[in-house]
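# Structure at a glance
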Amino acid sequence: MEKAHIYIKKILFIGICTVIGYILSDYFALYYIIPVLLLVFSLADFKITGRKPEYLFNFKRTEEYFKKGGLRDLIRILVSLLAFTYDTLVWIIWGVYLIFELLAEVLFLLRNIFFWIVFGIIWFLKLFVPPLVILFKLIIHYLIKWIWWIYKISFKNFVASLRKEYYFTAAKGIVLSIFTVFLFYFIGIVVDINGLIYIGIILSLLPVTWVFGEISLTISKSQQDREDIKALNNYNNGLESVRSILFYITIIIVLFIVQVLFNLLGWIPESGLSFLGLSLNINTFITLILIFLAVLTVFGVLIIPTHRLFNIFREVSIKDSVSLLEIIFRKGLQYILLIIPSSFFSTLLVIIPVIIVFIALRFTLFIKDGVIDARIEDLKRDQIETEDELENYKIQKGIANLRFYKEFPFNVFVEIDNRSGIENNIREKREALSNEETELKLIENETVVEIEQIDEQINNELRQNENSALVTDLRSQKLILEENLSEIKSVKELVIQKLLLDIDDLENYKIQLLITFFFTGIWISIFGGLVLAFVFAYLANAFYEMYLFRNDNSPSYWRLIFTEEKEKDSKQPLIGFTLLIIFILLFYYLFSYLDLSGNFQLSDFF
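In this text, all values refer to a predicted model and were calculated from it rather than measured experimentally.

### Details of the overall build of the chain
Scanning the chain from N- to C-terminus turns up 16 helices and zero strands. Looking at the chain residue by residue over its 606 residues, the buried ones come to 32%. Across the chain, the fraction of contacts at a sequence separation of at least 24, relative to all contacts at a separation of at least 6, is 81%. When the accessible surface of the chain is split by element, carbon and sulfur atoms take 67% of a total near 39,400 Å².

So, in structure tokens, the structure goes:
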């Protein structure tokens, strides 16, 4: 503090001298002013610091010399004047030196200040280094190494899954899984409840779980010689895994029903609102449980079949379920990322089976279309030869049906979705039939009444005059009415027969469509299962390997690097990430403000 105080005095005094010199420069030349100011400054520095030049004249020795008297006194004044002049020059030169010294000290001070600023900036920036290093390591590990390891697992199991025992196991489960989805969809169509398919989708997870469980058990038995594989003895691992998933599904259904029942309490008169307020908290808690159970169910299908091989797992144990949930949170992202490369390799696996099934299907359809075309040509010939209009209509309906059969199976799903249209068509045909029958009966009754009236007129005329000309006319009218009635009846009866034929055909078509759709679903289940068996055998291998991938209960990589940074500096990486977040937020809000104010737009840089 004392040195700084001296610096301040010297700087202030040199400032005063500069101001005085500037003022006197209007009256005197600078070569007069500068030496005087240098002399004053050097004397002031001596007053402040006590320092003086080393080469000043030694007046003490001179006084001792002149004390001896004699001729020496003659030069005493001259020597004193010269000594004074010499000392003045020395003080002036000393002032120049002091100026340069002060300038050097100021420069050193500025240098130190600059170094302090730079050091402070570097120290501040070093606070950002740990989070940046951590982020860099995380990016390298999780976005490059991780992806590569997962890709290797996908590729490694591509060939390893091509074993017949894996395929036959997968085929049995996947055929059953697809058929389960189709069966509930079919039942939903029959009973007209579309939501049943979702139950089928949920239950279809059980055969898939069985496939993963059995294949995982087979793989673990073949790898017992590996030191890092210590599988437990899990007999019927597939069924045990199915039991676990079924337990979670059952709990989900029960809790969902409980939620519905709680909501129904709101219907209670006068106290329904109170019950709803009470059930809100309970339902919220149940919903949270349902979310965790849904996660356990979905990921459990992928993880439980392998997890049971290496851990004692009881689905009824909350501790075991929580342990499984921890594994899901730790490895769930890995399983999700595994789906991406696995989709590519799965596509490669099914290319050949799909081509084989496609060729077989096209060959079958080619034969079917050829037979149908031949039958259509026969019916067309019969249609030309027949003169009966009703028979002609029957043949025409047969040709239309055969053309519909020719589009099978591609039109089955379209027609099954349009089943409401079939019902509407049947209803319209029945209404038209009822109208035709009613109209025919009305015409018959009206005609019979008119004929009876004519017969009565004929009888009256015959009683009066047997040869009356009016009788002949009346008989002609009666004959015309009978002929018209006969013609109308023939037309109406033909229309009625056609409507009956249409109704019968639609009724049969409705039943046959369901039967055809059912057998089409069986065909899709069988051949779809045979094709997708390759995919699920491959996925079972990949999921098994993924479970073993870095699953040795060691800390996660991000925990390790966080621990390393904390050991280096106890304040890190918390302070670094905190400052980084603050800096990002400030940067974001700064540019948002500038952008909103219209003075600056970040988009101008791009």
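### As for the nonpolar core
If you look at the biggest cluster of nonpolar residues, it comprises 56 residues, and the most contacted ones within it are Phe212, Ile215, Ile303 and Leu324. Listed by contribution, the elements that provide at least two residues to this core are helix H5 (129–160), helix H6 (164–191), helix H7 (196–222), helix H8 (237–264), helix H9 (272–310), helix H10 (318–385) and helix H14 (469–548). Beyond its immediate sequence surroundings of up to four residues, Ile303 is in contact with Leu324, Ile327, Ile328, Tyr335 and Tyr547. Formed by eleven residues, the second largest nonpolar core is a distinct cluster that contains Val412, Ile426, Leu506 and Phe517.

### Considerations on the environment of Arg375
Turning to its location among the elements, Arg375 is positioned in helix H10. The partly exposed category is assigned to Arg375, whose relative accessible area is 41%. C-alpha separation for the pair Arg375 and Ile399, spaced 24 residues apart in sequence, amounts to 8.4 Å.

### Some points on the side chain of Thr169
Among the structural elements, Thr169 can be located in helix H6. Of the residues examined, Thr169 reaches a relative accessible area of 16% and is grouped as buried. When sequence neighbours within four positions are dropped, the list of residues in contact with Thr169 reads Trp210, Val211, Glu214 and Ile215.

### Let's talk about the packing of H5 against helix H15 (residues 557–568)
Where H5 meets H15, the axes come as close as 10 Å, and the angle between the chain directions of the two elements is 155°. Classed by the angle they form, the pair H5 and H15 counts as roughly antiparallel. By crossing handedness, the relation of H5 to H15 is classed as right-handed. Across the interface between the two elements, Pro130, Val133, Ile134, Lys137, Leu138, His141 and Tyr142 from H5 touch Tyr557, Trp558, Ile561, Phe562, Glu564 and Glu565 from H15. Of the residues in the contact of H5 with H15, the class split is nine nonpolar, one polar and three charged.

The rules behind these values
- Residues numbered from 1 in each chain as written.
- Predicted model: local features only at pLDDT ≥ 70, side-chain atom pairs only at ≥ 80, totals over all residues.
- Heavy atoms only, no water.
- Helix = DSSP H or I, 4+ residues; strand = E, 2+ residues; numbered from the N terminus.
- Buried < 20%, exposed > 50% of the residue type's maximum accessible area, 1.4 Å probe, protein only.
- Contact = heavy atoms within 4.5 Å.
- Areas by Shrake-Rupley, 256 points an atom, 1.4 Å probe, with all protein chains shown as cover.
- Core = buried A, V, L, I, M, F, W, Y, C linked by side-chain atoms within 4.5 Å.
- Axes fitted to C-alpha atoms, helices over the stretch in contact; angles between N-to-C directions.
- Parallel < 35°, antiparallel > 145°, perpendicular 65-115°, else oblique.
- Left-handed = near helix turned anticlockwise from the far one by under 90°.
- Nonpolar A, V, L, I, M, F, W, Y, C, P; charged D, E, K, R; others polar.

Any functional reading would require information beyond the geometric quantities listed.
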